[in-house]
Amino acid sequence: MATMGSFFILFFLVLTTTGSTISVVGEMVTVLSIDGGGIKGIIPATVLSFLESQLQELDNDENARLADYFDVIAGTSTGGILTTMISAPNEKGRPFSAAKDIVSFYFEHGPKIFPPGAWPPILAPKYDGKYLHKVLQDKLGETRLHQTLTNVVIPTFDMKKFQPTIFTKSEIANSPHLDAKMSDICIGTSAAPTYFPPYYFENDDGKGNQYEFNLIDGGVVAANPALVALSTVTYSAETDPSFAYIKPLDVKNILLLSLGTGTTADFAGKYTAQEAANWGLISWLFHNNSNPLRDMQSEASATMNDYYIATIYRALGAETNYLRIEENALTGTTTQMDNATEANMNLLKQIGENLLKKPASNGNSETNEEALKRFAKLLSERKKLRANKASQ
């Protein structure tokens, strides 16, 4: 269903994308998207640390932060937590965390979020989630969605309503009940079935009306939230005067960086039709210490979203405006979203660093590091142009 829905979004993109002139830097909307993947969030966190360091160097400002440069930041599950860390304000009104500090957050809290020795999730969730809840509540406090320093997009799925709930800053005016605490949103988007229990909370719409949320992991909606982020840009183009120059989904005007948490080489050839011919529910959900059904659905969703987006950018000659950075050959313990041993986290950090040296996926004869440096220049130039316009 998610894949079919993405197809229709692609169809909409083709119909609504118009124009043939490459836009100038100052007219571009900038979008960052971060996949879900548990402890594997260390991989995109490592990439973001590099990008932020490049922006600081270009602008000669050690206090420069990613939220200063991206109009929209989207994240699912662990990507939603990353999104919040780089966009929610601290007591000084600046982003809660510098990108370089996120990896250390995983190292400090990962082993307690995913403690070793947990029982297989056959009769109950593998983890109770209490430590994750406490960390997010303690660090984010009363911070709400409207306070984020840029527009954020965090998908979840409401199991009672049986439909997606997308927490988007730009939608608060129409749906004030979505202006929830960021800690509640992060807990909801990371409540992965079989790993953590679903998350319930209530929120007031500001008029005395109470709304309830019964949330599970945003990966049910979009493990790769890039298409959801693009939809938000379309909405903003219709309602936000600062985006008035953007034609509906004209990707020549949209700079999009999409970060994955890694796919696995171990699954290739792991399952065959003959082997699965006699599988029942238990085997599809629990086979050789893995969840084949979840793994296949998550992989298909992330891969197809990338395929759809790359297709439309390429078809309109704007392929250099889209960059997907993803490690496609994870093996062993690095494939596990809940392996928070120090050894495995060090491996994930190394994978993120090595990924920078690998060829970029856009076919532009550059490495990911070179592509990120090019993106950093565009982000820096666009920020300066907007600042100049604002001062006139």
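Residues numbered from 1 in each chain as written. Predicted model: local features only at pLDDT ≥ 70, side-chain atom pairs only at ≥ 80, totals over all residues. Heavy atoms only, no water.

So, empty space enclosed by the protein
Inspection of every chain in the model, using the stated rule, returns two cavities of 30 Å³ or more. Counted as a void, the largest cavity has a volume near 160 Å³. G38, T78, I81, I113 and F114 are the residues nearest the centre of the largest cavity, which is lined by 15 residues in total. Looking at the lining of the largest cavity, the elements that each hand over two or more residues are α3 (78-87) and α4 (102-113). In terms of residue count, α4 provides more of the lining of the largest cavity than any other element does, five residues in total. The space that makes up the second largest cavity amounts to roughly 50 Å³. Around the second largest cavity sit I81, T84, M85, F96, F105, V135, L136, K139 and L140, which together line it. Mapped by element, the contributors of at least two residues to the lining of the second largest cavity are α3 and α5 (130-140). (1 Å grid on protein atoms, 1.4 Å probe; cavity = no way out; pocket = protein on both sides within 12 Å on 5 of 7 lines; lining within 4 Å. Points joined across faces, edges and corners; volume = space filled by probe spheres on them. Helix = DSSP H or I, 4+ residues; strand = E, 2+ residues; numbered from the N terminus.)

Topic: α3
Counting buried residues along α3, 10 of its 10 residues qualify, which places the element largely inside the surrounding structure. Three or more residues of α3 are buried, namely T78, G79, G80, I81, L82, T83, T84, M85, I86 and S87. (Buried < 20%, exposed > 50% of the residue type's maximum accessible area, 1.4 Å probe, protein only.)

Things to note about the pattern of salt bridges
Tallied over the full model, the rule gives 16 salt bridges. Note that K100 and D101 form a salt bridge whose closest N and O atoms lie 3.3 Å from each other. Among the salt bridges present, the one from K126 reaches D338, with a minimum N-O distance of 2.8 Å. In this pair, K126 is assigned in the loop between α4 and α5 and D338 in the loop between β8 (322-325) and α12 (342-355), connecting sequence segments 212 residues apart. In this structure K126 comes out as partly exposed when scored by relative accessible area, which is 26%. Each of D35, R324 and E326 takes part in salt bridges that share partners, so that together they form one network. (Salt bridge = Lys/Arg side-chain N within 4 Å of Asp/Glu carboxyl O.)

Description of the packing of α5 against helix α6 (residues 182-189)
The interhelical angle for the contact between α5 and α6, taken along N-to-C directions, is 155°, at an axis separation of 8 Å. By the angle between their axes, α5 is roughly antiparallel relative to α6. For the element pair α5 and α6, the recorded crossing hand is right-handed. Across the interface between the two elements, H133, L136, Q137 and L140 from α5 touch M182, S183, C186 and I187 from α6. In terms of residue class, the contact of α5 with α6 is built from five nonpolar, three polar and no charged. (Axes fitted to C-alpha atoms, helices over the stretch in contact; angles between N-to-C directions. Parallel < 35°, antiparallel > 145°, perpendicular 65-115°, else oblique. Left-handed = near helix turned anticlockwise from the far one by under 90°. Contact = heavy atoms within 4.5 Å. Nonpolar A, V, L, I, M, F, W, Y, C, P; charged D, E, K, R; others polar.)

Concerning the confidence of the model for the protein chain
Mean pLDDT over the protein chain works out to 85, with 82% of the residues at or above the 70 mark. The model gives residues 11-25 a pLDDT under 50, and that stretch makes 28 contacts with residues more than four places away or in other chains. (pLDDT = per-residue confidence, 0-100.)

Thoughts on α12
Here α12 is 14 residues long and its end C-alpha atoms lie 20 Å apart, about the 20 Å a rise of 1.5 Å per residue gives. Those residues of α12 lying buried are N344, M345, L348, I351, G352 and L355. Projected down its long axis, α12 carries its buried residues within an arc of 115°, all on one side. Opposite the buried face of α12, by more than 90 degrees, sit the exposed residues E342 and A343. (Expected span 1.5 Å × (residues − 1). Arc of directions from axis to C-beta.)

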